[in-house]
Amino acid sequence: MGQPPVLATGSGGAGVPAIRAVGLCKSFGPIRAVDDISVDLAHGRIYGLLGPNGSGKTTLIRLLVGLAAPTAGSAEVLGVAMPSRDNLRRIGYMTQADGVYPSLTAAENASFFAAAYGIRDASAVAQALDVVELADRRDAITATLSGGQRRRLSLACALVHRPPVLFLDEPTVGVDPLLRIQFWEHFRTLADAGTTIIVSSHVMDEADRCDELLFMRSGRVSARGTGAELRRAAGTDDLELAFIRLSEGPEVEP
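Just so we're clear, the structure is a prediction, and the values are computed from it rather than from any experiment. (Residues numbered from 1 in each chain as written. Predicted model: local features only at pLDDT ≥ 70, side-chain atom pairs only at ≥ 80, totals over all residues. Heavy atoms only, no water.)

Some points on the packing of aromatic side chains
For the structure on display, the rule yields six aromatic pairs. Every member of this aromatic cluster is reached through a ring pair, and the members are Tyr 101, Phe 112 and Phe 113. (Phe/Tyr/Trp six-rings, centres within 6.5 Å; stacked < 30°, edge-to-face > 60°.)

Some details on the sheet that holds strand β10 (residues 220–225)
Sheet strands line up and pair through hydrogen bonds in the backbone, either parallel or antiparallel. Taken together, the six strands give an open sheet; going across it, the order is β6-β7-β8-β3-β9-β10, and neighbouring strands pair in mixed fashion. A strand with exactly one partner marks an edge of an open sheet, and here the two such strands are β6 (91–94) and β10. Recorded for the sheet is a direction-independent mean angle of 15 degrees between the axes of neighbouring strands. Where β6 and strand β7 (residues 165–169) come together, four bridges link them in parallel fashion. By the bridge assignment for β7, Ile 91 is matched with Val 165. Across the sheet, helix α4 (residues 147–159) is in contact with β6 and β7; its angle to β6 comes to roughly 170 degrees. Against the sheet, helix α6 (residues 227–234) contacts β9 (212–217) and β10, and its axis sits at roughly 105 degrees relative to β10. (Pairing = 2+ DSSP bridges. Helix = DSSP H or I, 4+ residues; strand = E, 2+ residues; numbered from the N terminus. Axes fitted to C-alpha atoms, helices over the stretch in contact; angles between N-to-C directions. Contact = heavy atoms within 4.5 Å.)

Things to note about empty space enclosed by the protein
This model, assessed by the stated rule, comprises one cavity of 30 Å³ or more. Of the voids in this model, the largest cavity is the one considered here, and its volume is about 50 Å³. Along its surface, the largest cavity is lined by Val 39, Leu 41, Tyr 47, Leu 49, Leu 60, Leu 64, Ile 198 and Leu 214. Of all the secondary-structure elements, those providing two or more residues to the lining of the largest cavity are β2 (31–41), β3 (46–50) and α1 (57–65). (1 Å grid on protein atoms, 1.4 Å probe; cavity = no way out; pocket = protein on both sides within 12 Å on 5 of 7 lines; lining within 4 Å. Points joined across faces, edges and corners; volume = space filled by probe spheres on them.)

Thoughts on the side chain of Asn 109
Residue placement: Asn 109 occurs in helix α2 (residues 106–116). The exposure class assigned to Asn 109 is buried, which follows from its relative accessible area of 0%. Residue contacts for Asn 109: discarding those within four places in its chain leaves Val 100, Tyr 101, Leu 104, Thr 142, Leu 153 and Cys 157. (Buried < 20%, exposed > 50% of the residue type's maximum accessible area, 1.4 Å probe, protein only.)

Functional significance is not addressed by these values, which are geometric in nature.
Here is the structure:
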């Protein structure tokens, strides 16, 4: 089976990659949700997993985080084979569904997740809530928050322990445009400080905020590179059209 066109190595120099997948596969009966993915992702970069619903983005993230067992292949985060309970303290994960407790306050949710990672510093909770602009709702019962506010709280809970690797599964769904910009500014600040961030999305207008993109379709990485490289390879200035051409056209060896 041929490899996808790789337009940037993402190696970031010598040393252990932040994230590595080798021949990673996951099948659900006859459906191969992740199909032979091998990638090395460097430290301190924002990687965008782009593809339509059902392309395998969430399953790939779950395999990398260690929340699903692969059918074949292996995954490592920060040089540690996944799954690893000890390594989870160095990983942040924001799921598609809001992973917060509705009967707790916003601050109690953030405090709970911080404590689960061994963090009992109240300033970490305050900072996480401030980042997502929920400081003024810290004492609000989560069930009373709007859908967008619960999304913001889920992000705060993923950030509260300041992990060096952060997985965000469609983090800006339901978030207003201004706060979306602020989210991405914070993601960039984290990456510049050394955090490796994987962001899944099917919204192409967020793609150029990533350092590197991985196009996914039918469980495979169909192309990889910067937005400019992928557009150039596809012969178009339209990233959505580039996705279609690179995903459906013949595979190109690197």
